[in-house]
Amino acid sequence: AEFVHKVTPLSMKITGLGLGFMIFESYAAVFNGIKFNNFDMNLIAHHVLGLWIMGPALITKQCQMLTSLLMATEISAPFTAIGWYLTKCGKRLDIAWFVNQFLLLVVWVVIRFGADARHFYYIYQSLPYLLTEAKLYSSMPAIVLGAPILALYFNPLWMKMKTKQFTRTLQQRRSAKKDD
């Protein structure tokens, strides 16, 4: 169960960064929900799961290979934020929005789905240890339960939503060009 116990200075930093990121994103999701009267409960649940995973991993110094892997999936966050800002600025039909969204989809498929596959491999590989020796106070329950929820529910849901958004906007842009 190397992935459970291996801790490095870098994994400590990444897990600490991950915890801070999840705190910030949780706050931003609730703040924007209040400000724009638009609560995205899936987004809030996603960040609560992230807090549940990152917090115990940092405190118990366990599962930091997995928390580092999970943080790699958040590389898509800047693309999501840029797309949101471009949309709010009325630039949704601009080429910059399309390039950003295309890169978001590529990153999503390669990084998120790739990390999910690797994550499931680590869990499967260590299942005997997880079922017999892992402590409930550790980050193991969060990793074993929370990460599959992220991978099997949230990631496909958001990928479908972002793909629909991309194709719908592409059709709008084509229609606007025909009208010119």
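Residues take numbers from 1 onward in each chain, read along the sequence in its written order. Since the coordinates come from a predicted model, pLDDT governs what is reported: local features require at least 70, and pairs of side-chain atoms require 80 or more to be given and counted, while whole-chain, interface and lining totals use all residues. Neither water nor hydrogens contribute to the side-chain values; these are computed over all heavy atoms in the structure.

### Thoughts on the overall build of the protein chain
Item 1. In DSSP terms, a helix is any run of H or I states spanning at least four residues, a strand is any run of E spanning at least two, and both are numbered starting from the N terminus. Within the protein chain, the secondary structure is distributed over eight helices and zero strands.
Item 2. In the protein chain, the succession of α and β elements from N to C terminus is α-α-α-α-α-α-α-α.
Item 3. Principal-axis analysis of the C-alpha atoms places the extent of the protein chain at approximately 65 × 30 × 25 Å.
Item 4. Summary of the burial criterion: residues with accessible area below 20% of their type's maximum are buried, those above 50% are exposed, and those between are partly exposed, where the area comes from a 1.4 Å probe applied to protein chains only. By residue count, 39% of the 180 residues in the protein chain fall in the buried class.
Item 5. When contacts within the protein chain are restricted to residue pairs at least 6 apart in sequence, long-range pairs at least 24 apart make up 82% of them.
Item 6. When the accessible surface of the protein chain is totalled, it reaches about 10,500 Å², and 68% of it is carbon and sulfur.
Item 7. The centroid of the 18 positive side-chain charges in the protein chain is displaced by 3 Å from the centroid of its 9 negative side-chain charges. In what follows, residue pairs with any heavy atoms lying within 4.5 Å of each other are defined as contacts. Computed with the Shrake-Rupley method and a 1.4 Å probe, the accessible areas treat only the protein chains shown as cover for residues. In this tally, Lys and Arg are treated as positive and Asp and Glu as negative; His is ignored, and so are the chain termini. Where a charge sits is defined by one atom per residue type, namely NZ (Lys), CZ (Arg), CG (Asp) or CD (Glu).

### A short note on unusual backbone geometry
Trans is the prevailing form of peptide bonds, just as negative phi is the prevailing case for residues other than glycine.
Item 1. A positive phi is found at Asn-37, a non-glycine position, where the angle reads about 50 degrees.
Item 2. With respect to the helices, strands and loops of the structure, Asn-37 is situated in the loop between helix H2 (9–36) and helix H3 (41–60).

### As for the packing of H3 against helix H8 (residues 140–179)
Item 1. Axis separation between H3 and H8 bottoms out at 10 Å; the angle between their running directions is 155 degrees. For the element pair H3 / H8, the angle class is roughly antiparallel. Crossing of H3 against H8: the hand is left-handed. For the pair H3 and H8, the contacting residues are Asn-42, Leu-43, Ala-45, His-46, Leu-49, Trp-52 and Ile-53 in the first and Pro-141, Ala-142, Ile-143, Leu-145, Gly-146, Ala-147, Ile-149, Leu-150, Tyr-153, Phe-154, Leu-157 and Trp-158 in the second. Lines are fitted to the C-alpha atoms to define the axes, a helix being fitted only along its stretch in contact, and any angle between axes, read from their N-to-C directions, falls within 0 to 180 degrees. Any angle that is under 35 degrees is reported as roughly parallel, and any over 145 degrees as roughly antiparallel; angles of 65 to 115 degrees are reported as roughly perpendicular and all others as oblique. Handedness of a crossing follows from how the near helix is turned relative to the far one, being left-handed for an anticlockwise turn of less than a right angle and right-handed for a clockwise one.

### Some words on the layout of surface pockets
Item 1. Estimated volume of the largest pocket: approximately 1,200 Å³.
Item 2. Elements supplying a minimum of two residues to the lining of the largest pocket: H2, H3, helix H5 (77–88), helix H6 (95–125) and H8.
Item 3. Looking at the lining of the largest pocket, the element that brings in the most residues is H5, giving eight residues.
Item 4. Along the lines of polarity and charge, the residues of the lining of the largest pocket split into 15 nonpolar, 11 polar and seven charged. Method remark: on a 1 Å grid restricted to protein atoms, a set of points is classed as a cavity if a 1.4 Å probe fits but cannot get out and as a pocket if it is open with protein on both sides within 12 Å along at least five of seven lines; lining residues have an atom within 4 Å of a point. Grid points are joined across faces, edges and corners, and a volume is the space filled by probe spheres set on the points. Gly is put with the polar residues, along with every residue not named as nonpolar or charged; the nonpolar set is Ala, Val, Leu, Ile, Met, Phe, Trp, Tyr, Cys and Pro, and the charged set is Asp, Glu, Lys and Arg.

### As for the packing of H5 against H6
Item 1. With their axes 9 Å apart at the nearest point, H5 and H6 run at an angle of 155 degrees to one another. On the basis of their axis angle, the class for H5 and H6 is roughly antiparallel. In this structure, the crossing between H5 and H6 has a hand that is left-handed. Two secondary-structure elements touch here, H5 through Phe-79, Thr-80, Ile-82, Gly-83, Leu-86 and Thr-87 and H6 through Ala-96, Trp-97, Asn-100, Gln-101, Leu-103, Leu-104 and Val-107.
Item 2. Among the residues making up the contact of H5 with H6, the classes are represented as eight nonpolar, five polar and no charged.

### Comments concerning H2
Item 1. To estimate the expected span of a helix, count its residues, drop one, and scale the result by 1.5 Å. An ideal rise of 1.5 Å per residue puts 40 Å on 28 residues; H2 measures up with 40 Å between its terminal C-alpha atoms.
Item 2. Those residues of H2 that fall on the buried side of the exposure criterion are Ser-11, Thr-15, Gly-18, Met-22, Ser-26, Ala-28, Ala-29 and Gly-33.
Item 3. Where H2 is buried, its residues touch H3 and helix H4 (64–73).
Item 4. The positive-phi residue at the C-terminal boundary of H2 is Asn-37, with phi of around 50 degrees.

### Observations regarding the packing of aromatic side chains
Item 1. Note on aromatic pairs: the rings of Phe, Tyr and Trp (six-membered ring only in Trp) are paired at centre separations within 6.5 Å, and the planes decide the class, stacked below 30 degrees, edge-to-face beyond 60, tilted for the rest. Counted under the stated rule, the structure contains eight aromatic pairs.
Item 2. With 5.8 Å between their ring centres and 20 degrees between their planes, Tyr-27 and Phe-31 make a pair best called stacked. Of this pair, Tyr-27 and Phe-31 both sit in helix H2, four residues apart, which is roughly one turn of the helix.
Item 3. Taking 6.2 Å as the distance between ring centres and 45 degrees as the angle between the ring planes, the aromatic pair formed by Tyr-121 and Tyr-122 counts as tilted.
Item 4. The partly exposed category is assigned to Tyr-121, whose relative accessible area is 42%.
Item 5. Tyr-122 sits in the buried class, given a relative accessible area of 12%.
Item 6. An aromatic cluster is built from Phe-36, Trp-84 and Tyr-85, whose rings are joined through pairwise contacts.

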